[in-house]
Amino acid sequence: MSTEMSRRSFLKAGTAAAVGLSVAPATMLGKAKKKPLVMDRKLRILGVGIGGRGAADLKAMEEEVEIIGLCDVDWKYAEHVFERYPAAKRYNDYRVMFDELLDKVDAVVIATADHTHAIIAAQAMAAGKHVYCEKPLTLTVYEARLLTKLAAKHQVATQMGNQGSSGAGTRQAIEWLWNGEIGEVRRVDCFTDRPIWPQGLEKPELVEPIPSTLNWDAFIGPAPMRDYNSIYTPWNFRGWWDFGTGAMGDMACHIMHVPFKGLKLGYPIKVQASSTPVLTDCCPSAEMIKLTFPARENMPKLALPEVEVRWYDGGFKPERPEGLPEGVNLNIDGGCSIFYGTKDIMVVGCYGNRPYLLSGRKPEVPHVLREVTTSHQLDWVRACKEDPSIRVPSASDFSEAGPFVEMVDLGVAAVRLQALNQILEWDGEKMEFTNIPADATIKIMKKDGFSIKDGHPTFKKTYTDPVNAREFAAGLIKKQYREGYVLPDMPE
Ligand SMILES: NC(=O)c1ccc[n+]([C@@H]2O[C@H](COP(=O)([O-])OP(=O)(O)OC[C@H]3O[C@@H](n4cnc5c(N)ncnc54)[C@H](O)[C@@H]3O)[C@@H](O)[C@H]2O)c1
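Residues numbered from 1 in each chain as written. Predicted model: local features only at pLDDT ≥ 70, side-chain atom pairs only at ≥ 80, totals over all residues. Heavy atoms only, no water.

Caption draft 1: Expanded view of the nonpolar core. Ranked by internal contacts, the top residues of the largest apolar core, which has 102 residues, are Phe98, Met256, Leu263, Phe339 and Phe433. Element by element, the count of residues in this core is highest for helix 12 (residues 398-416), at eleven residues. Split by domain, the residues of this core number at least three in each of domain 1 (43-165 + 377-398) and domain 2 (167-368). Apart from the residues within four sequence positions on either side, Phe433 is in contact with Val271, Leu410, Leu417, Leu424, Glu425, Trp426, Ala473 and Ile477. Counting 23 residues, the second-largest nonpolar core is a separate cluster that includes Ile67, Phe82, Tyr85 and Ala157. (Core = buried A, V, L, I, M, F, W, Y, C linked by side-chain atoms within 4.5 Å. Buried < 20%, exposed > 50% of the residue type's maximum accessible area, 1.4 Å probe, protein only. Helix = DSSP H or I, 4+ residues; strand = E, 2+ residues; numbered from the N terminus. Domains from an automatic or database assignment. Contact = heavy atoms within 4.5 Å.)

Caption draft 2: Unusual backbone geometry, seen in detail. Cis geometry is found at the peptide bond from Lys135 to Pro136, where omega equals -15°. Residue Gln155 is not a glycine yet carries a positive backbone phi of 50°. Positive phi values are uncommon outside glycine, yet Asp454 reaches one of about 50°. Mapped onto the elements, Asp454 comes out in the loop between strand 20 (451-453) and strand 21 (456-458).

Caption draft 3: Structural context of the site of the ligand. Around the ligand, 29 residues are found, and the nearest of them are Arg53, Asp72, Tyr77, Asp114 and Lys135. Here a nitrogen atom of the ligand and a side-chain polar atom of Gln163 are 2.9 Å apart. Contact distances for the ligand include 2.8 Å between an oxygen atom and a side-chain N or O atom of Arg238. In isolation the ligand has 830 Å² of accessible area, and contact with the protein removes 94% of it. Elements with a minimum of two residues in the shell around the ligand: helix 8 (216-220) and helix 9 (246-255). A per-class count over the shell around the ligand returns twelve nonpolar, nine polar and eight charged. Counting only domains with at least three residues in the shell around the ligand, you end up with domain 1 (43-165 + 377-398) and domain 2 (167-368). (Near = heavy atom within 4 Å. Polar contact = N/O pair within 3.5 Å; in protein donor to acceptor, adjacent residues only side chain to side chain. Areas by Shrake-Rupley, 256 points an atom, 1.4 Å probe, with all protein chains shown as cover. Nonpolar A, V, L, I, M, F, W, Y, C, P; charged D, E, K, R; others polar.)

Caption draft 4: Spotlight on the domain arrangement of the protein chain. According to the domain assignment, the protein chain consists of domain 1 (43-165 + 377-398) and domain 2 (167-368). Each of domain 1 and domain 2 has a C-alpha centre, and the two are 23 Å apart. Buried surface at the junction of domain 1 and domain 2, summed over both partners, amounts to about 2000 Å²; 58% is from carbon and sulfur atoms. The largest contributions to the domain 1 side of the interface with domain 2 come from Val73, His115 and Lys135, which together make up 28% of the buried area. Taken together, domain 1 and domain 2 are joined by one salt bridge. Between Asp250 and Lys135 there is a salt bridge whose closest N-O contact spans 3.4 Å. Summed over the shared surface of domain 1 and domain 2, the result is twelve residue pairs in polar contact (both at pLDDT 80 or more). Residue classes in the side of domain 1 that touches domain 2 are distributed as nine nonpolar, nine polar and six charged. (Buried area = accessible area lost by both parts, 1.4 Å probe. Salt bridge = Lys/Arg side-chain N within 4 Å of Asp/Glu carboxyl O.)

Caption draft 5: Structural detail: helix 11 (residues 376-385). Along helix 11, eight of the ten residues are buried, which leaves the element largely enclosed by surrounding structure. Taken residue by residue, helix 11 has His376, Gln377, Asp379, Trp380, Val381, Ala383, Cys384 and Lys385 as its buried positions. Looking at the buried positions of helix 11, the neighbouring elements they touch are strand 1 (43-48), helix 2 (53-61), strand 2 (65-71), strand 4 (107-110), strand 5 (130-133) and strand 6 (158-160).

Caption draft 6: Fine view of the sheet that holds strand 17 (residues 432-433). One open sheet holds the nine strands; their spatial order is 15-14-13-7-12-9-8-16-17, and the pairing between them is mixed. Looking at which strands have only one partner, the edges of the open sheet turn out to be strand 15 (356-357) and strand 17. (Pairing = 2+ DSSP bridges.)

Caption draft 7: Focus on the packing of helix 12 against helix 13 (residues 469-477). Viewed as axis vectors pointing N to C, helix 12 and helix 13 meet at an angle of 150°, and their least axial separation amounts to 10 Å. When the axes of helix 12 and helix 13 are compared, the pair comes out roughly antiparallel. The interaxial crossing formed by helix 12 with helix 13 has right-handed handedness. Contacts from Leu410, Ala413 and Arg416 of helix 12 reach helix 13 at Phe472, Leu476 and Ile477. Class assignment for the residues of the contact of helix 12 with helix 13 results in five nonpolar, no polar and one charged. (Axes fitted to C-alpha atoms, helices over the stretch in contact; angles between N-to-C directions. Parallel < 35°, antiparallel > 145°, perpendicular 65-115°, else oblique. Left-handed = near helix turned anticlockwise from the far one by under 90°.)

Caption draft 8: Layout of the pattern of salt bridges. Inspection of the entire model under this criterion finds 32 salt bridges. Taking the shortest distance from any N to any O, the salt bridge between Asp242 and Arg226 comes out at 3.0 Å. With Asp242 in the loop between helix 8 and helix 9 and Arg226 in the loop between helix 8 and helix 9, the pair connects residues that are 16 residues apart, well separated along the chain. Across the pair, Arg226 and Asp242 agree in class, each one buried.

Caption draft 9: Representation of the environment of Asp193 within the structure. In this fold, Asp193 is placed in the loop between strand 7 (185-192) and helix 8. You can call Asp193 partly exposed: its relative accessible area is 33%. Note: C-alpha distance between Asp193 and Gly314 (121 residues apart in sequence) is 6.1 Å. Not counting residues within four places of it along the chain, the set of residues in contact with Asp193 comprises Asn331 and Gly334. Only 3.0 Å separates the side chain of Asp193 from the side chain of Asn331, close enough to count as a polar contact.

Written as structure tokens, this is what we have:
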């Protein structure tokens, strides 16, 4: 591949197919130099999406990395970060930065709006780069599967930004579970106090002028183009289907991690959801989702029977477990998960924080999980520097985070399919709902249209034209990308 061709590849072809590595084996060059098993220099990185959480991620690793390039679509919002790292080259389109710098770095840190995580991470990994990507890893089940497989194929070090997975609370809660301290679990209830950002809105009609400091086209990325309105970015993208996954996608990646890992959940077989009104563009204000998992292979001290996992957000909480003292708030740092075991009930806070058993016991159990003694971000830097032959994966390596996010994305998809009025059956391997009737249709509310005139209420809901439900569902599992954005093929 000529240098010129590789420089233009991301913008022109928009495909990682064009970034296959063309590295001549060292022996062919005559001077075979043995690579150390642990990198003996600083990790060279690019940062994409740096104005918000990305700033904190970079700060957490700044002493152990060399930041070569930084990209943000909003140069005003991101100014403080560009200024903090003056040596880094600045961009407002990641594709241009990748064309110019990807082959000069080891790794990419991604903290953009959620809808661009998958394409950026996939293209980076296809070029052999390690990836740290904020949660939720992806918007769709397909994207999550793809990132899992690309990470394995390219043997790169990966980490999702659910930092609680590296924490002491997560480790303790999972070790209690695995040691059989609460017995078999057939029910888990989870909730978050989010959204704290706007949701349940109709699509804004006002078209605002695009600020000169914002690359709106690059923000839209693989999503369908839409007019600019300041409601979408920064921060509020979370509440819009094209850019985010609502409160569940945002917070379940923290709160449901202990259930997913601790109970080895894997693929659900059934899902159902209900919520406040589902609109075409914006996520609903409050949701309830139930996922059913089949029995899994038992562990030495823990049987894993079929289990129902419920999710609540938008102000709703699960019922209080019997025995929970009055006055105790179940909300620990943004939510919690409640494990109903045959021997005890365990409550675990958001990020795995402060787990406790309702019996009041504090079991001493053998440590079977690795203790992360640095930050979540630095543990990933460590993994990046280790040769794949000796690498200890980070706490939220994509081999685990990918399947976990598939579950989260599936729950979010079920919210958008609730008008079908059925319990959806799911084939995880095939990434398909198996019981949506071939002729079922679905229509989505565009406007609520409720008004009161002269004291009389008027109900005037308007809907999209009905579309085939199977096709609509398939589009929630694998999204169409806008021209110029092409995912690498799914590895075998
Ligand atoms: N792990 C955590 O505790 C935690 C906390 C907050 C946010 N997050 C995650 O971090 C990500 C960012 O969230 P945030 O709250 O920082 O949002 P934000 O809007 O405050 O910051 C996102 C930044 O990315 C930029 N951006 C958006 N799309 C981009 C693109 N295509 N290319 C380059 N830059 C782009 C924005 O301009 C902004 O500077 C989200 O995925 C979110 O879920 C994680």
